[in-house]
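# Residue-level structural notes
For reference, the chains in residue letters:
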Amino acid sequence: MNERQISDSHLILLNPGPVTLSDRVRQSLLSPDLCHREPEFAVLQQSVRQQLLAVYELSAEEWAVVMLGGSGTTAVEAMLSSLIAHDERLLVIENGVYGERLTQIAQAHRISSTSLHFAWGEEIALQSLAAALDSDRSVKHVAVVHHETTTGRLNSIEPIGTLCRARNLSLLVDAVSSFGAEEIDFERWGVTACAVSANKCLHGIPGVAFVVAKRPALKSACEPARTLSLDLRIYFEKQERADTPFTPPVQCLYALDAALLELAGSGGWRARRERYMMLAEQVRQCLARLEVQPAIPPDESSCVLRSYRLPLGMTYASLHDQLKALGFVIYAGQGQLQAQIFRISTMGAIDDAAVARLVAALTQCCAQPGKTRTISVQRK
Ligand SMILES: *Cc1c(COP(=O)(O)O)cnc(C)c1O
């Protein structure tokens, strides 16, 4: 695709990140060149770290944000490899691709771990978790995904946190696709740390990720470190002194700074959750009229992403290509779900007009033969 085609395409991204950017965030990318050893960068970095704490009103005395260049997986890997000591054991809860990735990360770093496995999309059974923790008293940390983007299932963290607290375990959460749009009650749920990326519910661009952690957890990080460039302690110590260990993704921080101002200015995570929920429900209701069924019950799904069963006789590729021609990029199921589901995420700077066009486009693509009406969708 040449440059012209890209700039003409105006595609609305309905994949779970990177998201459709607002004009303000896009414009921020034209900010001046900046050396990361100059005071202007220190101001930008501190501003972003403080705004991230403010999203969930976390106290800077107890919590810290550690930023790293990279994608969401970078933050998850830094969290697990840094916050679990060499002699400590981890229990990973899996009910999707990202839970299974937590196990892969633990294995890559030779972290002693055990998995509590559920099928993709299945609910986490608390009795099984309690039984697993009671039968393996050497476990010191539990890792779980908040919003399992594989299927759109929103895992309930609070009861998991209650089980962890009763056993004095740390709780490490992959909140990559929920931070900024779903409720996360850090203190009440007993979260020790969570991993986040800039380019999902926060509406920044890909390239910067972070770990929000309790300060004591960062101070007692794994020693000696398992990795150099993912060692949270190095970043934490430098960033606390308004410095940075390595070259940070400067432009990503410009974008995230603008995106966070926009989030705060538009009512914070609560307003964003309401907005996402309204858009997700509009899509669900449209698909329900077309007899396209959700793969996960809507009240167990996130506001961020929903998965739907592919209509009978329709392949993902054909649905994807038709929608793309109408200006929308949807997302396939992963692994064994590829032939069964498709996913639609209504996160990002998506306005009402775009959603109205999406509803028309879905109606055009999914209408049953015989029931088909001709609806022409205007490309913006
Ligand atoms: C997107 C995502 C990640 C990280 O993905 P990257 O491709 O590394 O940004 C991790 N966990 C969840 C739940 C996600 O949705």
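Residues numbered from 1 in each chain as written. Predicted model: local features only at pLDDT ≥ 70, side-chain atom pairs only at ≥ 80, totals over all residues. Heavy atoms only, no water.

## Considering the pairing of strand E14 (residues 341-345)
Counting buried positions along E14 gives five out of five residues, so the element sits mostly inside the fold. Across the two faces of E14 the burial is the same, with Ile341, Arg343 and Ser345 and Phe342 and Ile344 all buried. As judged from the five bridges shared by strand E11 (residues 305-309) and E14, these two strands associate in the antiparallel manner. The residue bridging arginine 306 from the neighbouring strand is isoleucine 344, located in E14. Bridge count between strand E13 (residues 331-332) and E14: two bridges; the pairing is antiparallel. Looking at E14, one finds that alanine 332 is bridged to phenylalanine 342. (Buried < 20%, exposed > 50% of the residue type's maximum accessible area, 1.4 Å probe, protein only. Helix = DSSP H or I, 4+ residues; strand = E, 2+ residues; numbered from the N terminus. Pairing = 2+ DSSP bridges.)

## As for the sheet that holds strand E3 (residues 89-94)
On the basis of which strands lie adjacent, the open sheet formed by seven strands has the order E2-E10-E9-E8-E5-E3-E4 and mixed pairing. Only two strands of the sheet have a single neighbouring strand rather than two, namely strand E2 (63-70) and strand E4 (113-117). Here the strands of the sheet are splayed against their neighbours by 20° on average, with no regard to which way each runs. In the sheet, E3 pairs with E4 via five bridges, with the strands oriented parallel. Note that in E4 the partner of valine 92 across the bridge is serine 115. Helix-sheet contacts for helix H6 (residues 126-135) involve E3, E4 and strand E5 (139-145), and the interaxial angle to E3 is about 165°. (Axes fitted to C-alpha atoms, helices over the stretch in contact; angles between N-to-C directions. Contact = heavy atoms within 4.5 Å.)

## Observations concerning helix H3 (residues 39-55)
Relative to the 24 Å expected for 17 residues at 1.5 Å per residue, H3 spans 25 Å between its end C-alpha atoms, a close match to the ideal helical length. Within the span of H3, buried status applies to Phe41, Ala42, Leu44, Gln45, Val48, Arg49, Gln51, Leu52, Leu53 and Val55. Where H3 is buried, its residues meet E2, strand E10 (207-214), helix H10 (232-240), helix H11 (250-265) and helix H12 (268-289). Positive phi appears at glutamate 57, one or two residues downstream of H3, with a value of about 50°. (Expected span 1.5 Å × (residues − 1).)

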